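Next come the chains, spelled out residue by residue.
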Amino acid sequence: VSGLWLAVGLSGRSGCGRNKTAESACASLRDAVLEADGIAVFDALLQNTQWSVSTVQKLHAQMASAITSRYPGPEQAAALARLYAAEADSGRELFWQLYPERYAADFRERVGEQMPVTLVSAQQARCGTDAGKPFALSLGQDGKWGLSELDREWEDAKLRAYHDLETVQKNVQLYRRMGERK
């Protein structure tokens, strides 16, 4: 039994220091890409990017719920077709679903066994050779390094999802008023 506790304790401890350096973040990203593991790539993202992906998933799920319960039948299919994130149960699952099509090929081309880290500033680094296209890493507010080059894309997606939610909510009100007039 004590051996089991030691193994659990060691595995729990190893995650705590994960990505505390640019080098460890680069190694985590390299391993995830080489293993074609979209979940591990999600875990290697900058925390802000992870939050944005998760927010997109939650907002899409909210919109899907409102659309299916309050839109007229003929309007539902078109409105639901835009919600690519609604079926996922979490941001992590959403990223895993999108990874093969959106990112895997590009990331695989850019990764190699040797991935040198070059500090650009105290909070920015490049992971990979300058001959290729190195990955951009940043130090997050949580004190961990992560892949930062997807941050803008997912921040934009999050803002679009907030605006889309407002539109869905306004449409729900309009459909409700139209239903009251009948």
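Just above sits the structure.
Residues numbered from 1 in each chain as written. Predicted model: local features only at pLDDT ≥ 70, side-chain atom pairs only at ≥ 80, totals over all residues. Heavy atoms only, no water.

Q: An account of the overall build of the protein chain is requested, with residue identities and associated values reported.
A: When you go through the protein chain residue by residue, the secondary structure sums to seven helices and four strands. Of the regular secondary structure in the protein chain, the N- to C-terminal order runs α-α-α-α-α-α-β-β-β-β-α. A compact globule built from 182 residues should have a C-alpha radius of gyration of about 16 Å, whereas the protein chain, at 21 Å, is more than 25% larger. On the principal axes, the C-alpha backbone points of the protein chain span a range of 65 × 50 × 30 Å. Across the 182 residues in the protein chain, those meeting the buried criterion constitute 38%. Sequence-distant contacts in the protein chain: of pairs separated by 6 or more residues, those separated by 24 or more amount to 62%. On the protein chain, roughly 10800 Å² of surface is accessible, and the fraction owed to carbon and sulfur atoms is 52%. Charged side chains of the protein chain number 22 positive and 23 negative; the gap between the two group centres comes to 7 Å. (Helix = DSSP H or I, 4+ residues; strand = E, 2+ residues; numbered from the N terminus. Rg over C-alpha atoms; globule rule 2.2 N^0.38 Å. Buried < 20%, exposed > 50% of the residue type's maximum accessible area, 1.4 Å probe, protein only. Contact = heavy atoms within 4.5 Å. Areas by Shrake-Rupley, 256 points an atom, 1.4 Å probe, with all protein chains shown as cover. Lys, Arg positive; Asp, Glu negative; His and termini not counted. Charge placed at Lys NZ, Arg CZ, Asp CG, Glu CD.)

Q: Give me the lowdown on the state of the cysteines, citing residues and values where you can.
A: Tallying each qualifying case throughout the model produces one disulfide. C26 shares a disulfide with C127; S-S distance 1.9 Å. Note on the C26 and C127 pair: the S-S dihedral is about 70 degrees, so by sign convention the disulfide is right-handed. Residue C26 is found in helix α2 (residues 22–34), and its partner C127 is found in strand β2 (residues 124–127); the two are separated by 101 residues along the sequence. On the basis of relative accessibility, which here comes to 0%, the residue C127 falls in the buried class. (Disulfide = S-S within 2.5 Å.)

Q: Account for the pattern of salt bridges, naming residues and giving values.
A: Overall, the coordinates contain eight salt bridges when judged by the stated rule. Two residues, D31 and R30, come together in a salt bridge whose shortest N-O distance is 2.9 Å. With a relative accessible area of 33%, D31 lands in the partly exposed category. Here R102 makes a salt bridge to E153, at a shortest N to O gap of 3.4 Å. You can see R102 sitting in helix α6 (residues 91–110) and its partner E153 sitting in helix α7 (residues 151–181), a full 51 residues away along the chain. Looking at R102, the relative accessible area reads 38%, which means it is partly exposed. Residue E153 is classed as partly exposed on the basis of its relative accessible area of 32%. Three or more residues joined by partner-sharing salt bridges are found here, namely D106, R110 and E149. (Salt bridge = Lys/Arg side-chain N within 4 Å of Asp/Glu carboxyl O.)

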